[in-house]
Amino acid sequence: RYMTPGGRQLAARAVRVAAPPEQPGTLIVQAVAGNAPLSALEVVLDASGSMLQRQDGARRIDIAKATLSDLLTETVPAGTPFALRVFGHREADACRTDLEVPLAPLDTGAVLGLVGAIEAKNLAMTPIADSLDLVERDLSAADGERVVILITDGEETCEGDPAAAISRLRGNDADLRVNIVGYAIDDTGLAETFTGWADLGGGAYFAAGNREQLSAALVAAAQPKFAVVDAAGTIVARGLAGGEAVTLMPGDYEVRFRAGGAERSVPAVIRAEARTEISLN
């Protein structure tokens, strides 16, 4: 109301008072440690000649073997269907790739012994495409969420086309994911290429410049993916356990993921301007 000093009303206008817009909250899905719920995991390890280069007094191949051993001991539970393919360790000056551990429930002790015996060969080549083309056969007995982790310190050197191999491997199979861990990659162009390959594989590229970063990258690459579903059953966000926080409007949600070939879910309640943490264990 518009009033004179004497109290006479000159005019009136309706005023609408609106509540401030609701603020979002954040959801953090914790990294899974010691109980990674994967249907199958295959590691493709580069043991080519470049892995004989040294870093901090140790050969790259020895650092890669140590961090892979840590992954199998601390993150991937015994009994998880596991396969290991290695290239570069059998013949010098060759494009050879070998399935050293056929897909089977992980026998941690036995696999650690095999990993420890791997030796990179000088002048051995890097057949990334050929290795990835064989992964489909390696994992043919598995279903559900299958994760492939390629660990490499260099580019394809056997005239293959890794992008095409990844496209063939994944096809329309959303349950198969190809992650690439680039170790000691200083070439930004090559890192961008690896990122593009990982995108084609429905996965992610993880850069690692030293042993600590390589260890963290392997743990992150072995994490399950998830989808956030609202009350109407609509997928509103996707992510990777242990990855970046997801921003959501307040409400009740389900976090869905696959484990042992079956879909599972964990409830999550998001409150305005609050942080919600959940575990998939």
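Please refer to the structure placed before this passage.
A.B. asks: Help me understand the packing of aromatic side chains in this model?
C.D. replies: Overall, the coordinates contain 2 aromatic pairs when judged by the stated rule. With centroids separated by 5.2 Å and ring planes inclined at 50 degrees, the aromatic side chains of F194 and W197 adopt a geometry described as tilted. Of this pair, F194 and W197 are both found in helix α5 (residues 188-200), 3 residues apart, which corresponds to roughly one turn of the helix. You can call W197 buried: its relative accessible area is 10%.

A.B. asks: For this particular structure, what's the right way to read the environment of T152?
C.D. replies: Position of T152 among the secondary structure elements: in strand β9 (residues 146-152). Take T152: its relative accessible area is 0%, and that puts it in the buried class. Spatially, the C-alpha atom of T152 lies 16 Å from that of V135, the residues being 17 residues apart in sequence. Those residues in contact with T152 that lie beyond four places of it in its chain are D46, T126, I128, V181, G182, Y183, I185 and F194. Only 2.7 Å separates the side chain of T152 from the side chain of D46, close enough to count as a polar contact.

A.B. asks: Help me understand the sheet that holds strand β8 (residues 97-105) in this model?
C.D. replies: Paired through their backbone hydrogen bonds, the strands of a sheet run either parallel or antiparallel. On the basis of which strands lie adjacent, the open sheet formed by 6 strands has the order β8-β7-β4-β9-β10-β11 and mixed pairing. Whereas interior strands pair on both sides, the edge strands pair on one side only; in this sheet they are β8 and β11 (205-208). Neighbouring strand axes in the sheet, compared pairwise and without regard to direction, differ in orientation by 15 degrees on average. The pairing of strand β4 (residues 40-46) with strand β7 (residues 81-87) spans 6 bridges and is parallel. Following the sheet pairing, E42 is matched in β7 by A83.

A.B. asks: Can you help me understand the pattern of salt bridges in this one?
C.D. replies: Charged atoms that come close allow side chains of opposite charge to pair. Taken as a whole and assessed by the stated rule, the structure comprises 13 salt bridges. Of the charged contacts in the structure, one is a salt bridge between R85 and D138, with a shortest N-O distance of 2.9 Å. Here D138 lies in helix α3 (residues 128-138) and R85 lies in strand β7, a separation of 53 residues in the sequence.

Conventions we followed
Note on numbering: residues in each chain are counted from 1, in written sequence order. In keeping with the model being predicted, local features are shown solely for residues with a pLDDT of at least 70 and side-chain atom pairs are shown and tallied solely at 80 or more, while totals for entire chains, interfaces and linings include all residues. Values shown for side chains rest on all heavy atoms present in the structure; no hydrogens or waters enter the calculation. Only Phe, Tyr and Trp rings take part, Trp by its six-membered ring, and two of them pair if their centres are within 6.5 Å. Stacked means planes under 30 degrees apart, edge-to-face means over 60, and tilted covers everything else. Secondary structure elements are taken from DSSP: a helix is a run of H or I of four residues or more, a strand is a run of E of two residues or more, and numbering for both begins at the N terminus. For the exposure calls, accessible area comes from a 1.4 Å probe over protein chains only, and a residue counts as buried if that area is under 20% of its type's maximum, exposed if over 50%, partly exposed in between. Whether two residues touch is decided by their heavy atoms; if any such pair falls within 4.5 Å, the residues are in contact. In the analysis that follows, any N or O atom pair within 3.5 Å is treated as a polar contact, provided that within protein one partner can donate a hydrogen and the other can accept it, and provided that, for residues neighboring in sequence, both atoms belong to side chains. Criterion used throughout: strands pair if DSSP finds at least two bridges between them. Here the axes come from fitting lines to C-alpha atoms, over the contacting stretch only for helices, and the angles between their N-to-C directions go from 0 to 180 degrees. By salt bridge we mean one thing: a side-chain nitrogen of Lys or Arg within 4 Å of a carboxyl oxygen of Asp or Glu.

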